[in-house]
Amino acid sequence: MNKPIKRAFLDTEDGQILYRIAGEGEPLLLLHQNFRSGDEFRELIPIFAQKRLVIAMDFLGLGDSDKPPRMYSIEDYAKTVILLLDELGIKTTSILGNHTGACVAAEVAAAYSQRVEKIILCNIDDFNEEGKAALSNKFENLKIQADGSYLMQRWSARASYIGSAELNHRWVLDDLKGFGYPWYAPLAVIDYCKRMEARFRLIKSPTLILSGTEDVKQLERLGFANADNREFILTAISHAKMIDIEGGTICMMNQIPEEISKVVIEFLEKNPVNTIYK
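A quick note: this is a predicted structure, and the numbers were derived from the prediction, not measured.

A. Representation of the overall build of the protein chain within the structure. The helix and strand inventory of the protein chain stands at twelve helices and eight strands. Counting only residues that meet the buried cut, the protein chain has 58% of its 278 residues in that class. Partitioning the contacts of the protein chain with sequence separation of at least 6, the portion at a separation of at least 24 is 76%. With an accessible surface of roughly 11,900 Å², the protein chain has 51% of that area assigned to carbon and sulfur atoms.

Next up, the structure:
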């Protein structure tokens, strides 16, 4: 029987943060990617909630959280994670983050190591200068247009690899909630790349890296990153293990939740806390 998923808001000085919560037991925090929200984990939350207390927050500027009054850094987002953990009375948690969420998860592990048990970093990239320029250019073009043509543009942008019309609809809804506002999280990631590797070297938590093989190819086609871009993580976090998720796209949290959850649960349960995952 699926555990009910409840929604609530956390008040912060920069606005309200929406979060979803379900299950009970050892906590697992889920952090989403750019343009998405906690809805990215709609399929995974019921699976994880069978064994754990699961929390999925919407980053400020995205989803149903408020738009912050200033530009945010990855370090700022990491602070909001700690605010939420404090609100819920959680001293330590494991964290799974995807894309932007992976950067935030890594920063929490680097800056607040005493609050983190294990981390799972999914589809994380250290963009080079060409990739940063391509990302910035793309975001500058995502604006509200008087003729409404941007609505179809957003629908078409991912239709070829999302496949499901229902899932594409969910992605577009999250997209549109950010239109007309600064691109807080994407710009935070671009800025974080300057210090990403140095921050990763501070991570001591047992770490699992998940890399979707189709996700990498899509980034390469867009000119954002190279296919071998993610290998730097294993140098920066020498104790980490990387697993390629064959066929995993940018939407893999929604598309293959059973496969993702199996790998994650095995990692979370196989080793005692504070040991290295081999």
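B. Examining a negative patch on the surface more closely. A cluster of like negative charges, contributed by Glu220, Asp228, Glu231, Asp244 and Glu246, occupies part of the molecular surface. Tracing the chain through its elements places Asp244 in strand E8 (residues 241-245).

C. Representation of the side chain of Asp58. On the secondary structure map, Asp58 appears in the loop between strand E4 (53-57) and helix H2 (74-88). The class for Asp58 is buried, based on a relative accessible area of 0%. A distance of 3.1 Å separates polar atoms of two side chains, one belonging to Asp58 and the other to Arg20. Among residues more than four places away in sequence, those in contact with Asp58 are Ile17, Leu18, Arg20, His32, Ser37, Gly38, Gly63, Asp64 and Ser65.

D. Focus on the pattern of salt bridges. Under the defined criterion, the tally for this structure stands at 21 salt bridges. The salt bridge partner of Asp39 is Arg36, with a shortest N-O separation of 3.0 Å. Note on Asp39: relative accessible area 9%, which makes it buried. For Arg158, the salt bridge goes to Asp175, with nearest N and O atoms at 3.0 Å. One end of the pair, Arg158, is in helix H5 (residues 149-162); the other, Asp175, is in helix H6 (residues 165-177), and 17 residues separate them in sequence. The network of salt bridges with common partners includes Arg36, Asp39, Arg42, Glu43, Glu166, Arg170 and Asp174.

E. Focus on the nonpolar core. Core analysis: the largest hydrophobic core is formed by 49 residues, its most contacted members being Leu31, Tyr77, Leu121 and Phe200. Here Leu121 is in contact with Gly97, Ala102, Ala105, Ala106, Thr207, Leu208, Ile209, Leu210 and Ile237, once residues within four sequence places are set aside. Residues Leu44, Phe48, Ile120 and Leu210 belong to the second largest nonpolar core, which totals 24 residues.

F. Fine view of the packing of H2 against helix H7 (residues 184-192). Closest axis-to-axis distance for the H2/H7 pair is 8 Å, and the angle between their directions is 115°. Only Tyr184, Ala185, Ala188, Val189 and Tyr192 of H7 make contact with H2, whose side of the interface consists of Ile74, Glu75 and Tyr77. Residue composition of the contact of H2 with H7, grouped by class: seven nonpolar, no polar and one charged.

G. Quick peek at the packing of aromatic side chains. Counted according to the given criterion, the structure contains six aromatic pairs. An angle of 75° between the planes, with centres 5.0 Å apart, marks the rings of Phe35 and Trp183 as edge-to-face. A residue pair is termed long-range when its members are at least 10 positions apart, and Phe35 in the loop between strand E3 (27-31) and helix H1 (44-48) and Trp183 in the loop between H6 and H7 qualify at 148 residues. A single burial state applies to Phe35 and to Trp183, both of which are buried. Taken together, the ring pairs in this structure connect Phe35, Tyr150, Phe179 and Trp183 into an aromatic cluster.

H. Summary view of the sheet that holds E4. Strand order in the open sheet formed by eight strands is E1-E2-E4-E3-E5-E6-E7-E8, and the pairing between neighbours is mixed. The sheet terminates laterally at strand E1 (6-12) and E8, the two strands that pair on one side only. With direction set aside, neighbouring strand axes in the sheet form an average angle of 20°. Two elements, strand E5 (residues 93-98) and strand E6 (residues 116-122), share five bridges in a ladder whose sense is parallel.

Rules and cut-offs
Residues numbered from 1 in each chain as written. Predicted model: local features only at pLDDT ≥ 70, side-chain atom pairs only at ≥ 80, totals over all residues. Heavy atoms only, no water. Helix = DSSP H or I, 4+ residues; strand = E, 2+ residues; numbered from the N terminus. Buried < 20%, exposed > 50% of the residue type's maximum accessible area, 1.4 Å probe, protein only. Contact = heavy atoms within 4.5 Å. Areas by Shrake-Rupley, 256 points an atom, 1.4 Å probe, with all protein chains shown as cover. Patch = residues over 30% accessible without salt bridge, like charges linked within 9 Å, V, L, I, M, F, W, Y side chains within 5 Å. Salt bridge = Lys/Arg side-chain N within 4 Å of Asp/Glu carboxyl O. Lys, Arg positive; Asp, Glu negative; His and termini not counted. Charge placed at Lys NZ, Arg CZ, Asp CG, Glu CD. Polar contact = N/O pair within 3.5 Å; in protein donor to acceptor, adjacent residues only side chain to side chain. Core = buried A, V, L, I, M, F, W, Y, C linked by side-chain atoms within 4.5 Å. Axes fitted to C-alpha atoms, helices over the stretch in contact; angles between N-to-C directions. Nonpolar A, V, L, I, M, F, W, Y, C, P; charged D, E, K, R; others polar. Phe/Tyr/Trp six-rings, centres within 6.5 Å; stacked < 30°, edge-to-face > 60°. Pairing = 2+ DSSP bridges.

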